[in-house]
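# A structural walkthrough
Given next are the chains, with one letter for each unit.
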Amino acid sequence: MVAGRPVTLESIVDDLAEITGRIVWSTVSTTDRLGRPRARIMHPVWEITPASVVGFVGARRTPVKTAHIARSPWVTCTYWSPEHDAAFLDCHVSWAGPESWDRLAAGYDPSTLWPDGPQSPDFAAWELRPYRIQIIRGADVAAGKPSPIWTSSSTTDTVNYPSDVKEQIA
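Residues numbered from 1 in each chain as written. Predicted model: local features only at pLDDT ≥ 70, side-chain atom pairs only at ≥ 80, totals over all residues. Heavy atoms only, no water.

All right, on to the state of the cysteines then. A complete count under the given rule lists 0 disulfides for this structure. Its sulfur unpaired, cysteine 77 is 4.5 Å from the next cysteine sulfur, which belongs to cysteine 91. Under the relative-accessibility criterion, cysteine 77 is labelled buried at 0%. (Disulfide = S-S within 2.5 Å. Buried < 20%, exposed > 50% of the residue type's maximum accessible area, 1.4 Å probe, protein only.)

The structure is reproduced here in structure tokens:
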């Protein structure tokens, strides 16, 4: 595959909106305390503008999700179609609460999962803030064209892992 080419966020938001809107369901990966990946299928709702991208996804506070996010607040959201169109969003994740309900409702009816609305005892959400976005179009790959990649300046920030994780990855 041809290497990616750096682009501005503004230049890829239309493709990002098209791919995430068409595919809808995303494979979302977290990592466990040993750095091993764990994937699940989720339905993020993205607010995409030329100046910013932020996502919200309804999520129950399961012990696995809670532990993964506490140790490493980073996820990858992957979209893929049979035409080999794909979007990869590497994100910082944080827990959001009832205030995210209306944002989720812009993409689907969350009451199908949480009938008591945002006050449902098991309702929570993640807020997703991408720091890297890559768009791949199957036709471009076949033609040898590089894929556009946007990165924020935060991609060079140092990650401060808990001491027990540092020991395991050293």
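With that settled, the discussion passes to helix H1 (residues 9-23). Between its first and last C-alpha atoms H1 spans 20 Å; for 15 residues at 1.5 Å apiece the expected length is 21 Å, and the two agree. Bending of H1 peaks at approximately 30° at the position of aspartate 15. Regarding H1, the residues found buried are Leu9, Ile12, Val13, Leu16, Ile19, Thr20 and Ile23. On its buried side, H1 packs onto strand E4 (45-48), strand E5 (53-58), strand E6 (74-80), strand E7 (86-96), strand E8 (125-136) and strand E9 (148-151). Where H1 terminates, the next one or two residues include valine 24, which has phi positive at roughly 70°. (Helix = DSSP H or I, 4+ residues; strand = E, 2+ residues; numbered from the N terminus. Expected span 1.5 Å × (residues − 1). Bend = angle between axes of the 7 residues up to and from the residue. Contact = heavy atoms within 4.5 Å.)

This part takes up the nonpolar core. Core analysis: the largest hydrophobic core is formed by 26 residues, its most contacted members being Val75, Leu89, Trp126, Leu128 and Ile133. Of all elements in the fold, only H1, E5, E6, E7 and E8 reach the threshold of two or more residues within this core. Not counting chain neighbours up to four residues away, the residues in contact with valine 75 comprise Val28, Ser29, Thr30, Ile69, Leu89, Asp90, Cys91, Val93, Trp126 and Leu128. Counting 10 residues, the second-largest nonpolar core is a separate cluster that includes Val45, Trp101, Leu104 and Ala125. (Core = buried A, V, L, I, M, F, W, Y, C linked by side-chain atoms within 4.5 Å.)

Within this structure, the stated rule accounts for 12 salt bridges. Of the charged contacts, one joins glutamate 18 and arginine 22 as a salt bridge, the two residues approaching to 2.6 Å between their closest N and O atoms. You can see glutamate 18 and its partner arginine 22 sitting in helix H1, 4 residues apart, about one turn around the helix. The class of glutamate 18 is partly exposed, set by a relative accessible area of 31%. Note that aspartate 85 and arginine 137 form a salt bridge whose closest N and O atoms lie 3.3 Å from each other. Residue aspartate 85 is found in the loop between E6 and E7, and its partner arginine 137 is found in the loop between E8 and helix H4 (138-142); the two are separated by 52 residues along the sequence. Accessibility classification places aspartate 85 together with arginine 137 in one group, the buried group. Put simply, Asp15, Glu18, Arg22, Glu83, Asp85 and Arg137 are held in one network by salt bridges that share partners. (Salt bridge = Lys/Arg side-chain N within 4 Å of Asp/Glu carboxyl O.)

For the coordinates displayed, the defined rule picks out 4 aromatic pairs. Ring geometry for tryptophan 74 and tyrosine 131: centres 5.5 Å apart, planes at 90°, overall edge-to-face. Taken together, the residues span a long stretch of sequence, with tryptophan 74 in strand E6 and tyrosine 131 in strand E8 at a distance of 57 residues. Taking relative accessible area as the criterion, tryptophan 74 reaches 30% and is therefore assigned partly exposed. With relative accessibility at 22%, the residue tyrosine 131 sits in the partly exposed group. Plain terms: the ring middles of tryptophan 114 and phenylalanine 123 are 5.0 Å apart, the flat faces sit at 80° to each other, and that makes the pair edge-to-face. What makes phenylalanine 123 buried here is its relative accessible area of 9%. An aromatic cluster of three or more residues is present, and its members are Trp101, Trp114 and Phe123. A cation sits over an aromatic face here: arginine 61 above tryptophan 95, 4.3 Å from the ring centre. (Phe/Tyr/Trp six-rings, centres within 6.5 Å; stacked < 30°, edge-to-face > 60°. Lys NZ or Arg CZ within 6 Å of the ring centre and 35° of its normal.)

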